[in-house]
Amino acid sequence: MTDSIMSKAATMEIPINSNGDSRTLGEDDGLEQDLQQVMVSGPNLNETSIVSGGYGGTAEGIIPTSSIKGITLTLFQTCRGISVAPSQSAASRIASQSDDFPGIPGSSMHHSSSSSMMAEEAARGVAVEKFDMMKKWGLNTYKCTKQLISERFGRGSRTVDLELEAQIEVLRDTKRKYESVLRLARALTNHFYSMVQTQHALGDTFADLSQKSPELRDEFGYNAETQKLLYKNGETLLGAINFFVSSINTLVNKTMEDTLMTIKMYENARLEFDAYRADLEELNMGPRDAVTMARIEAAQQQYQIHKDKYERLRSDVTIKLKFLEENKVKVMHKQLLLFHNAISAYFAGNQQQLEQTLKQFNIKLKPPGADKPSWLEEQ
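Summary of the structure given here. The shown structure was predicted, so the numbers you read here are calculated from the model rather than taken from an experiment.

### Looking at the overall build of the protein
Along the protein, the regular secondary structure elements total ten helices and two strands. Secondary structure elements of the protein, listed N to C terminal, follow the sequence α-α-β-β-α-α-α-α-α-α-α-α. Within the protein, the proportion of its 379 residues that are buried is 25%. Summarising the internal contacts of the protein: among those between residues at least 6 apart in sequence, 72% fall at separations of at least 24. Within the structure as shown, the protein displays about 26900 Å² of accessible surface, and the carbon and sulfur contribution to it stands at 58%.

See the structure below:
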């Protein structure tokens, strides 16, 4: 009877849903009672064992079936409400498989953690780079400050190019004098502009009085014409003076200033060169052990780097000074000739010569009222 029941149970199909509940067990009570009887009083299984974890299980997963006899019925009756949780080995296999398939959530977690680690590494690299830059800047500043103080107190030596230093001093003195010329020329322009505007207003007043005073019409008319002519010639002279001021301003504040900026870079390079030169000389006078030799080699490299920089900037300064001198002579020759001819023609009352001077130097005057915005722009 037992064999027939077992064969009957083995050949029946029991559908199971997603939560592990059996739908047919509740319908066939007779089959359930027969199975319970088999489980309780079936064949002797004391000599057999159940391996947990499949074929790959270890000795720790072997459970004797004799210990299961008493609880088999209880487990069978409560199997409907049990939700099976995966073991640790299964979880590890799922996690390892999710690394191979990007669509599995574990893979995205792995990639997010790796990307965060890469971001941390990049931030750490930037911080280290900034720290190294600050360290180098601090060391360089210390050496240059030490060298500068030594030079001020007469304890340290400095590299001097006598010819170049003389040219630099001449340039600085020339710049100061040209700045004075520029300041005075601007003052002359402002004063002369005020005078020309006064002449223009005075000419308009004389013309108005000539219309309202019949007995003095001719006298007011002569003075009105004279003031209008002076105003016109004054506008022409102002055009020449403004061109002169603009050219001097470009020469002083752009051309000379650019050369002086290069000179400043050259002087800083000279200070750095002397600082590293003094450092190398100090190391050469010390002991010659392994640590000192390594420091001497590093100092020699830094000395050579700053020496090349110093020589390159010295060459740049020499070239710029040469071109600046040529440009200065060319510009000032033209501007001084313009200034002289325009002033002489104006005070000589030679209107034709004044206009010819402006044409000679390609100076175009703006028509009266050109600087004022149109009525559309004022809206």
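### Here's the deal with the nonpolar core
Taken as a class, soluble globular proteins show a tendency for nonpolar side chains to be buried jointly. In terms of nonpolar packing, the biggest core is built from 43 residues, with Ile168, Leu171, Ile263, Tyr266, Val317 and Leu321 touching the most fellow members. Each residue touching Leu171, except ones within four places of it in the same chain, is listed here: Met256, Thr259, Leu260, Ile263, Leu321 and Leu324.

### A short note on helix H7 (residues 217-284)
With 68 residues, H7 extends 97 Å from end C-alpha to end C-alpha; this agrees with the ideal 100 Å at 1.5 Å per step. Maximum bend of H7: about 35°, positioned at Glu257.

### Notes on the side chain of His306
Here His306 shows up in helix H8 (residues 290-347). Of the residues examined, His306 reaches a relative accessible area of 10% and is grouped as buried. Separated by 2.8 Å, the side chain of His306 and the backbone oxygen of Gln302 make a polar contact. Beyond its immediate chain neighbours, meaning those up to four positions away, His306 contacts Asn140, Glu272, Phe273 and Tyr276.

### Some points on unusual backbone geometry
Even without a glycine there, the phi angle at Asn362 is positive, about 55°. Within the element layout of this structure, Asn362 appears in the loop between helix H9 (351-360) and helix H10 (375-378).

### Side note on the packing of aromatic side chains
By the definition in use, this model includes seven aromatic pairs. Relative to Tyr310, the ring of Phe273 has its centre 5.2 Å away and its plane inclined at 5°; by these criteria the two rings are stacked. Of this pair, Phe273 sits in helix H7 while Tyr310 sits in helix H8, placing them 37 residues apart in sequence. Comparing Phe273 with Tyr310, the two get one shared label, buried.

### Here we look at H9
By the burial criterion, the buried members of H9 are Leu354, Thr357 and Leu358. End-on view of H9: buried residues confined to an arc of 95°, all on one side of the axis. Of the exposed residues in H9, the ones pointing more than 90 degrees away from its buried face are Gln352 and Lys359. Against the buried residues of H9 lie H7 and H8. Asn362 sits one or two positions beyond H9 and adopts a positive phi of about 55°.

Conventions adopted
Residues numbered from 1 in each chain as written. Predicted model: local features only at pLDDT ≥ 70, side-chain atom pairs only at ≥ 80, totals over all residues. Heavy atoms only, no water. Helix = DSSP H or I, 4+ residues; strand = E, 2+ residues; numbered from the N terminus. Buried < 20%, exposed > 50% of the residue type's maximum accessible area, 1.4 Å probe, protein only. Contact = heavy atoms within 4.5 Å. Areas by Shrake-Rupley, 256 points an atom, 1.4 Å probe, with all protein chains shown as cover. Core = buried A, V, L, I, M, F, W, Y, C linked by side-chain atoms within 4.5 Å. Expected span 1.5 Å × (residues − 1). Bend = angle between axes of the 7 residues up to and from the residue. Polar contact = N/O pair within 3.5 Å; in protein donor to acceptor, adjacent residues only side chain to side chain. Phe/Tyr/Trp six-rings, centres within 6.5 Å; stacked < 30°, edge-to-face > 60°. Arc of directions from axis to C-beta.

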